[in-house]
Amino acid sequence: MNIVGSGATLGARVEGIDLSRPLAPENYRAIEQALGRHGVLCFPRQQLDAAALKRFAENFGSLEVNVANLYHEPGIPEVMILSNIVENGKPIGLSDAGQDWHTDMSYSRTIAFSNVLYGIRIPMRDGKPLGNTEFCNMHAAYDELPDSLKQELDGMTVTHDFNKFWEMMRREKGSTRPPLTEEQRRRKPPVSHPVFLTHPITGRKVLYANPGYSVRINELPEARSEEVLNFLFAHQLQEKFRYRHNWAEGDVLMWDNMGTIHNAVADYRPDEPRLIKRCQVMADKYFPELY
Ligand code: OGA
Ligand code: MN
């Protein structure tokens, strides 16, 4: 196994390894370390079925199972399907996942550690891939905060609300999502997490806030909370913290959901098919002391 950093703020390629087979324990440890250090890992030219994707992902923590979700692999609810493909009048997957800046599951009591995506069909136009995935580096974003703000926010917590992203999609992206029902909102109540987390792999602090779900810094008066959140969102999205993964078919892309935030670029049309299978790995293995 050979891990080569991109040289940019995030990203590495992991070559010489076949994820359809069990790996040696030292390889899992090397992947963990690389994930902490590089934030986004691409394993090119993989050939996996859904069961093998699940077997690889579950080495890093328990997998999210969304009982209400229609779009999972038959018989394997831990494998979710992201796609704009419609077959016999029915969508085969979730077509608009992650189409603005966020981190996965910050709205959940147990947060996500890593998302593992397998690219099966990638839309192309003029020889270039579409539907790429962008990231920002939250280790660097923390490091470069003004000292006064690091001190002011130290020990504070942020409320994250699933409904914020949902409503943004409805308002701004022409999504056909209906409003969440009272029952759905009850099942996903807002939760709080520290604004700065100590990353379980690097031992360094990361900024754990994101435009998709963060709604309030709990310990600050409303107006100051608003001002600081707007500052944090602009700060964390600066160009210098950004990295883009350009997809190729056969890529397994694994990202660190604590050390990065991400955005799915919606630049392809309904007649340009995209098909991705994914497993969401929860932070229970790496962060047992918090959750
Ligand atoms: C996700 C997500 C990005 C993409 O699955 O959580 O944000 O590019 N996906 O599909
Ligand atoms: Mn996401």
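An account of the accompanying structure is given in this report. (Residues numbered from 1 in each chain as written. Chains lettered and ligands numbered in written order. Predicted model: local features only at pLDDT ≥ 70, side-chain atom pairs only at ≥ 80, totals over all residues. Heavy atoms only, no water.)

1. Quick look at the nonpolar core
Short version of the rule: What makes a nonpolar core is a set of buried Ala, Val, Leu, Ile, Met, Phe, Trp, Tyr and Cys residues whose side-chain atoms join them at distances within 4.5 Å. Three exposure classes are used, based on accessible area relative to the maximum for each residue type with a 1.4 Å probe and protein chains only: buried under 20%, partly exposed in between, and exposed over 50%. By the criteria applied, helices consist of DSSP H or I runs no shorter than four residues and strands consist of E runs no shorter than two, each listed in order from the N terminus.
The biggest cluster of nonpolar side chains holds 61 residues, and the ones touching the most others in it are Phe43, Phe56, Leu153 and Leu232. The greatest single-element share of this core, amounting to five residues, is contributed by helix α2 (residues 50-57). Ranked by size, the runner-up nonpolar core spans 13 residues in total, among them Val40, Leu82, Trp247 and Trp255.

2. Some thoughts on empty space enclosed by the protein
The cut-off we apply is this: A cavity here means a set of 1 Å grid points, computed over protein atoms only, where a 1.4 Å probe fits but cannot escape. A pocket is an open set with protein on both sides within 12 Å along at least 5 of 7 lines, and lining residues have an atom within 4 Å of a point. Grid points are joined across faces, edges and corners, and a volume is the space filled by probe spheres set on the points. Note that Gly is not counted as nonpolar here; it falls among the polar residues with everything else outside the nonpolar set of Ala, Val, Leu, Ile, Met, Phe, Trp, Tyr, Cys and Pro and the charged set of Asp, Glu, Lys and Arg.
By the definition in use, this model includes one cavity of 30 Å³ or more. Counted as a void, the largest cavity has a volume near 60 Å³. Along the lines of polarity and charge, the residues of the lining of the largest cavity split into three nonpolar, three polar and three charged.

3. Some remarks on the pairing of strand β1 (residues 2-5)
Note the cut-off: Strands are labelled as partners when DSSP assigns at least two bridges between them.
Note: β1 against strand β2 (residues 12-15), four bridges, orientation antiparallel. Paired with Val4 across the strands is Arg13, a residue of β2.

4. Remarks on the pattern of salt bridges
Put simply, the rule is: By convention in these notes, a salt bridge is any Lys or Arg side-chain nitrogen within 4 Å of a carboxyl oxygen on Asp or Glu.
Taken as a whole and judged by the stated rule, the model has 22 salt bridges. Across the pair Glu15 and Arg45 runs a salt bridge whose closest N-O atoms are separated by 2.7 Å. Of this pair, Glu15 sits in strand β2 while Arg45 sits in the loop between β3 (40-43) and α2; the two residues are 30 residues apart in sequence, bridging distant segments of the chain. Relative accessible area serves as the criterion here: at 62%, Arg45 is assigned to the exposed category.

5. Points about the sheet that holds β2
Strand order across the open sheet formed by eight strands is β1-β2-β3-β18-β8-β20-β5-β4, with mixed pairing between neighbours. Looking along the sheet, the strands with just one partner apiece sit at the ends: β1 and β4 (72-73). Two elements, β4 and strand β5 (residues 76-83), share two bridges in a ladder whose sense is antiparallel. The residue of β5 that forms the bridge with Glu73 is Ile76.

Purely geometric numbers; function is a separate question.
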